[in-house]
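Letter by letter, the chains look like this.
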Amino acid sequence: MSRVAYSVAMTAESDAALRRHLLRRDGQEDLCFAIWHPSEGSSRMTALVGAPIMPRAGDRNVHGNASFNHLFFERAIEEAAAAGGGLAFLHSHPAGCGWQSMSRDDIEAERGHAAAALGATALPLVGLTLAGDGSWSARFWPRVAPRQYERMDCGTVRVVGRTMGMHFYDRLAPPSAAVRAQIRTVASWGEHKQATIARLRVGVVGAGSVGGMIAEALARTGVVDVTVIDFDHIEEHNLDRLVYATRRDIGQIKAEVLAGRLADSATAQDFSCNPVVAAVYEETGFRAALDCDVIFSCVDRPWGRHVLNLVAYAHLIPVFDGGIAVKANGRGQLVRADWRAHTCAPGHACMACLGQYSPGLVQTEREGLLDDPRYIDGLPDGHVLKARENVFAFSMSCASFQVMQMLTYVLAPANLEPSPQLYHFVGCFLEEDPKTACDAHCAFSAMVGLGDHSGFAITGGRPAAQEQRAPVEASKTMWAAVRHWLDSAFRRKTVKG
């Protein structure tokens, strides 16, 4: 599947407000404006459509079709500029179904106002159409030459809340054809839902034990486009937990080895895995994460979780997180083993409010103290940062919990929603966390949909990440030099001969 360069996202709350206004009971078209903020990934720009700007009396004419006057447009531009965002123009096609094409009048209305919108907000005009069956379609209007604006269709529109709605433009994001290897998968939830799952661009952040199993599940389920983000390399002590690695892989980059394994496991004919050799808190890893529609969080440090928490709420990319906690007594006997999984998206409690990481430790990690043995040794016994608990069997169960969170969120079987789950190995029982919403003063709830305008300086470099890459990069550089020397020697010998 070709990579989508433009997309739109909105919360379920915004979606509901826009539907109430645009889908009129009298069946006529209607319109409004909205403010959008950018979420710029490494290969995709997403418009995060937020606060609607509704018409007042006299702002527009509804006559089967709908049109707006210049005063409404000027007010909308002023509100968008004051909010530091861009301007989106939305209208409805009540008789339409699915992704909508544009009439000549639609095109001229949007293109004719693109220059003013860009001049006032420094962001291109974004247009959206809502069909009568609730399907969204969208496009950007960037300037491509002086006084010339070109329509760039979006490939997807996603709506995130307690569950997820995805709208695809088949020409840019075509459905992946089901194959014989997926017969039982498709039979479980039908071709339509399978097409949705397959077309999601899924990120897996962390290629350790849990991340490797999740990625394997995605490839076998038929997901076409997977991005794996991890800077670490495989060591011998990882082999009891990495389902995709063998002794031959020791010293290699986890993300690259996993990507190679997935190419063999995938059931989709057009499968692609993009290994990103970076930490998610580095700019390269962070921007790669923003290209995704959903993300699995398989990290065990506070900074990575902090970044993914921001991604889930500010950038409207649902994150499925999990974790394992194991405790042994002084005689080395297991007394507790718990693992949990939860969905982080607007309408759900975030990782910080669920206690999955301590925001206070983020700066500690940024300063490099979590990689200082002296600092770790000075922590009290039983501290979470001293834990070494990724046992294969526990990781396998945690991975399955996270995959089930994703399936429940995307499929919404029987209109059910995912809720935080906690499993206790000692006692063999499952409980649901009653905390389903963020605290009243949660910082992440205040930045929903602000994207790159959230004001958080979230990325940076960490010496440990560079040190982990150094041996492999040095080896690649050395072998590149050797190959260059051999090629040169061969050419010299050939010339002399």
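Note that residues are indexed from 1 along each chain, following the sequence as it is written. Whole-chain, interface and lining totals are the exception, using all residues; otherwise, since this is a predicted model, local features are given only for residues with pLDDT of at least 70 and side-chain atom pairs are given and counted only at 80 or more. Excluding hydrogens and water, the side-chain figures rest on all heavy atoms present in the structure.

Q: Sorry, what's going on with the overall build of the chain here?
A: Numbering goes from the N terminus for both helices and strands, where a helix is a DSSP run of H or I of at least four residues and a strand is a run of E of at least two. Helix and strand counts for the chain come out as 13 helices and 21 strands. Summary of the burial criterion: residues with accessible area below 20% of their type's maximum are buried, those above 50% are exposed, and those between are partly exposed, where the area comes from a 1.4 Å probe applied to protein chains only. Here the chain holds 497 residues, and 53% of them are scored as buried. Sequence-distant contacts, at least 24 apart, represent 69% of the contacts inside the chain between residues at least 6 apart. The contact rule is simple, with two residues in contact once any of their heavy atoms fall within 4.5 Å.

Q: Is there a simple way to explain the pairing of strand β4 (residues 60-63) in this structure?
A: Within a regular beta strand, the side chains point alternately toward one face of the sheet and then the other, so they alternate between its two faces. Relative to strand β5 (residues 65-68), β4 runs antiparallel, the two sharing four bridges. Note on β5: the bridge partner recorded for H63 is N65. Taken together, β4 and the strand that follows it, β5, pair antiparallel across an intervening segment of one residue, in which G64 is found at a positive phi of about 85°. Note: two strands are recorded as paired if DSSP finds a minimum of 2 bridges between them.

Q: How do you make sense of empty space enclosed by the protein when you look at a structure like this?
A: Using a probe with the size of a water molecule, rolled over the atoms, empty space left in the structure can be pinpointed. Here a cavity denotes a set of grid points, spaced 1 Å apart and computed over the protein atoms alone, in which a 1.4 Å probe fits but from which it cannot get out, and a pocket denotes an open set meeting protein on both sides within 12 Å along at least five of seven lines; residues with an atom within 4 Å of a point are reported as lining. Grid points are joined across faces, edges and corners, and a volume is the space filled by probe spheres set on the points. One pass over the full model with this rule turns up four cavities of 30 Å³ or more. Around the second largest cavity, the lining residues are R162, H342, T343, H348, A349, L354, Q405, P418, S419, P420 and T436. Charged residues are taken to be Asp, Glu, Lys and Arg, nonpolar residues to be Ala, Val, Leu, Ile, Met, Phe, Trp, Tyr, Cys and Pro, and polar residues to be all remaining types, Gly included. The residue makeup of the lining of the second largest cavity, split by class, is four nonpolar, six polar and one charged.

Q: It is not clear to me how the sheet that holds strand β1 (residues 6-11) should be interpreted in this structure. Could you clarify?
A: Pairing between the strands of a sheet comes from backbone hydrogen bonds, and it takes one of two forms, parallel or antiparallel. Within the open sheet, the nine strands sit side by side as β11-β8-β7-β6-β2-β3-β1-β12-β13. Their pairing is mixed. Edge strands, defined here as strands with exactly one partner in the open sheet, are β11 (152-153) and β13 (164-168). Across the face of the sheet, helix α2 (residues 70-82) comes into contact with β2 (31-40), β3 (45-53) and β6 (86-93) while running at roughly 30° to β2. The axes are straight lines fitted to the C-alpha atoms, using for helices just the contacting stretch, and the angles between their N-to-C directions are given from 0 to 180°.

Q: How do you make sense of the nonpolar core when you look at a structure like this?
A: A general tendency of soluble globular proteins is for nonpolar side chains to be buried together. By nonpolar core is meant a set of buried Ala, Val, Leu, Ile, Met, Phe, Trp, Tyr and Cys residues that side-chain atoms within 4.5 Å join together. With 58 residues, the main nonpolar core has I214, L218, V226, Y244, F271 and F296 as its most contacted residues. Considering each element in turn, this core owes the most residues, 10 residues, to helix α12 (residues 392-411). The contact partners of I214, leaving out residues within four places of it in the chain, are V204, F296, C298, A399, Q402 and V403. With 36 residues, the next largest nonpolar core counts F286, L310, C438 and F444 among its residues.

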